[in-house]
Amino acid sequence: IMSWIRKGQWETSTDVIGFSTAEVLINGQHRLMAIAKTKTACECLVGWGFHPDAFNIIDTNRLRTAGDVLGVNDFSYPTLKAAIARFVMKWKKNKYGSLVTGSAHGANFSNQDILDFAITNKDKLEYATIVAQRTTYKFKGINSRFLGGLYWIFADKDKDQAEAFFKYYEDGSGLTANNPILVLRTKLIQDMGSNKKVSLTTKLAWAILAWNYTRSGKTVKQIRLSDGDEFPKPI
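Residues numbered from 1 in each chain as written. Predicted model: local features only at pLDDT ≥ 70, side-chain atom pairs only at ≥ 80, totals over all residues. Heavy atoms only, no water.

1. Overview of the sheet that holds strand E1 (residues 17–20)
So, point 1. Across the sheet, 3 strands lie side by side as E2-E1-E3; this open sheet has mixed pairing. The open sheet has two edge strands, strand E2 (25–27) and strand E3 (46–50), and neither has a second partner. Within this sheet the neighbouring strands show an average axis-to-axis angle of 35 degrees, counted without direction.
So, point 2. In this sheet, E2 lies alongside E1 in antiparallel orientation, the contact comprising 2 bridges. Across the sheet, the residue bridging to glycine 18 is asparagine 27, located in E2.
So, point 3. Across the sheet, helix H2 (residues 29–38) lies against E1 and E2, angled at about 105 degrees from E2, the strand it touches most. (Pairing = 2+ DSSP bridges. Helix = DSSP H or I, 4+ residues; strand = E, 2+ residues; numbered from the N terminus. Axes fitted to C-alpha atoms, helices over the stretch in contact; angles between N-to-C directions. Contact = heavy atoms within 4.5 Å.)

As structure tokens, then:
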């Protein structure tokens, strides 16, 4: 935008600079920032009195992300929380094959869908985010947004055991040979040092299998997802 302004190529568009009923700017932030930085007057259409929720649907095919929407609705770490919420929503819809894919705008979920889910499950989302950040700070085997989703799903089965599982996953201390969590950590460490990385979907499957073995009280020498196996479901 700034380059257009500097070159004198600015054109007034039908996309208004929008203010909500509370006089909060909900559209046109980038244009106004460009105008301020270039210190150049530009003609724009301006509208007032939009419902605050209009922010959630403006530019959804271009710039606005679910993280943007959560941010303007006062969620901390909005990008991470939007990603965790999207993961859990996909899980609940049984879309296991698309857990790690999808556009920034939520794939099969609108920004409003993700916001509504985040508001309804605010406490769960908050704690899943804390666990995800804490865990990936200590061990980067799996991306934080997917760890947050896994924690949420495991905690729905048994919150205390989910807490213990992730604590052991973080540093591996106190784990004996053939403990499923230790086997999982070893596989992830090996993958981090390998030139041929396994898919994130496979890593998620490994984590769920480790959780299931732990829940069942089993010791294992290996965790694997064989060709043709169905994506595992937490027990």
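Once you've had a look at it, read on.
2. Considerations on the packing of helix H9 (residues 180–192) against helix H10 (residues 200–216)
So, point 1. The contact between H9 and H10 brings their axes to 8 Å, and the two run at 165 degrees. Judged by the inter-axis angle, H9 sits roughly antiparallel to H10. The way H9 lies across H10 gives a crossing that is right-handed. For the pair H9 and H10, contact is made by Pro180, Ile181, Leu184, Lys187, Leu188 and Asp191 and by Lys203, Trp206, Ala207, Ala210, Tyr213 and Thr214, respectively.
So, point 2. Here the residues of the contact of H9 with H10 are counted per class, giving 8 nonpolar, 1 polar and 3 charged. (Parallel < 35°, antiparallel > 145°, perpendicular 65-115°, else oblique. Left-handed = near helix turned anticlockwise from the far one by under 90°. Nonpolar A, V, L, I, M, F, W, Y, C, P; charged D, E, K, R; others polar.)

3. With respect to unusual backbone geometry
So, point 1. Here lysine 39, not a glycine, exhibits a phi torsion of approximately 55 degrees, which is positive.
So, point 2. Considering the arrangement of structural elements, one finds lysine 39 in the loop between H2 and E3.
So, point 3. With relative accessibility at 77%, the residue lysine 39 sits in the exposed group.
So, point 4. A positive phi angle, near 45 degrees, is found at tyrosine 77, a position not held by glycine.
So, point 5. With respect to the element layout, tyrosine 77 can be found in the loop between helix H3 (66–72) and helix H4 (78–92). (Buried < 20%, exposed > 50% of the residue type's maximum accessible area, 1.4 Å probe, protein only.)

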